[in-house]
Amino acid sequence: PVGIVDSNIESIQSTRQITLGYSQLGSESDWRRANTASVIESAKEAGITLLFENAEQSQEKQFEAIRSFIQQKVDVIAISPVVQSGWEPILLEVKQAGIPVIISDRSVNVSDSSLYVTFIGSDFYDEGRKAGKYLLDKMKDKPGPIGIVELQGTIDSSPTVDRKNGFREIIASRSDLKILKSRPANFTLEEGKRVMESFLEEQNNDIDVLFSHNDDMALGAIEAIEQVGLRPGIDIVIISVDGTRKSFEMMVEGKINAVVECNPLLGMNLMQAVKEIMGGKNLPKRIVLPESIYTQAVAEREVNNRKY
Ligand code: AHR
């Protein structure tokens, strides 16, 4: 009878092993390493078989990984995209193979939104706005001009584009806040240090503020600032993004003034989305996690609670 056949099918489907192919963009930062660990641990916990590829910041390598997932006939593909452009053709290949796609962490610029099921990640534009609001408040009694330098992440990546724009939208309300220099440093400590050295050489004593698009670059910049005998957090106000334990330690030491939180612990949300897709559920197109901003006032209390 029909009823018995149906319930058999259901139990076969719910016990069938799900395989997820995950294309991680790299391991450039502490944030990224925490994100990778979260994905791997959550897959284990959820009982999902994970095929994991690290693309070392190369979009080409991400394409190779995705093609290999198609060949291996995985059930779902998740992608954390290094840059936002250039994804349409490969996503079309995945669609033609009938495999659902989840975009995780960074977004993609595609005109056809049916190329992916959902995008799980932070609101980077809002992170830039939070950094800008903190700066306005911090400088409310200080007369201008106030010189700002900016360490961008990877060119054409969504956190770089959105944090940059969100920050500018807010500080535009004060015309004496001047962005003196803004350059990419690829989200790494080493490049952050190198680019900050060049800012310090070129701008002499004009730098009042550093806005760094992530903590690793801010840590590199702190080294560069100390090398020239200046005091990070005092002579140069530092605002960063991520909220790693190391950045909290720097806030406790007074070397970073504020950190906008960006949560890398997306693994459980991702696994839940995978299961829901496999169960035939409709997912919202956008899943955003709540995030905060931390200052030196709370750093001491919070530092030991940091999970990444
Ligand atoms: O995409 C998230 C960003 O990428 C994080 O801010 C940064 O640390 C990472 O490399």
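Residues numbered from 1 in each chain as written. Predicted model: local features only at pLDDT ≥ 70, side-chain atom pairs only at ≥ 80, totals over all residues.

Novice: It is not clear to me how the nonpolar core should be interpreted in this structure. Could you clarify?
Specialist: Side chains of a nonpolar character, in soluble globular proteins, are inclined to be buried together. Core analysis: the largest hydrophobic core is formed by 45 residues, its most contacted members being A131, M196, V209, L210, A221 and I239. Among the elements that take part in this core, helix 8 (residues 215-227) stands out by supplying seven residues, more than any other. Not counting chain neighbours up to four residues away, the residues in contact with A221 comprise L151, G192, K193, M196, L210 and S212. By size, the runner-up hydrophobic cluster in this structure holds 34 residues, among which are I77, I79, V101 and I103. (Core = buried A, V, L, I, M, F, W, Y, C linked by C-beta atoms within 7 Å. Buried ≥ 20, exposed ≤ 12 C-beta atoms within 10 Å, placed from the backbone. Helix = DSSP H or I, 4+ residues; strand = E, 2+ residues; numbered from the N terminus. Contact = placed C-beta atoms within 7 Å.)

Novice: Can you walk me through the site of the ligand in this structure?
Specialist: In the vicinity of the ligand, the contacting residues are E28, S29, W31, R32, D105, R106, P159, F187, N214, V241, D242 and C262. Going through the elements one at a time, helix 2 (30-46) and strand 9 (237-242) are the ones with two or more residues in the shell around the ligand. By residue class, the composition of the shell around the ligand is five nonpolar, two polar and five charged. (Near = placed C-beta within 6 Å. Nonpolar A, V, L, I, M, F, W, Y, C, P; charged D, E, K, R; others polar.)

Novice: Even after reading the chapter, I still don't get the confidence of the model for the chain, so can you show me in this structure?
Specialist: Parts of the model with low pLDDT should not have their predicted coordinates read in detail. For the chain, mean pLDDT is 94; residues scoring 70 or higher make up 95% of the total. In the predicted complex, the global pTM is 0.94; the interface-specific ipTM is 0.99. (pLDDT = per-residue confidence, 0-100.)

Novice: What exactly am I supposed to notice about the sheet that holds strand 3 (residues 76-79) here?
Specialist: Two strands in a sheet stick together by hydrogen bonds in their backbones, pointing the same way (parallel) or opposite ways (antiparallel). The sheet built from six strands is open, its strands ordered 2-1-3-4-5-11 with parallel pairing. The sheet is open, and its two borders are formed by strand 2 (49-54) and strand 11 (286-287), each paired with just one other strand. Bridge analysis of strand 1 (residues 19-24) against strand 3 gives four bridges, and the strand direction is parallel. Looking across to strand 3, one finds that Y22 is bridged to A78. (Pairing = 2+ DSSP bridges.)

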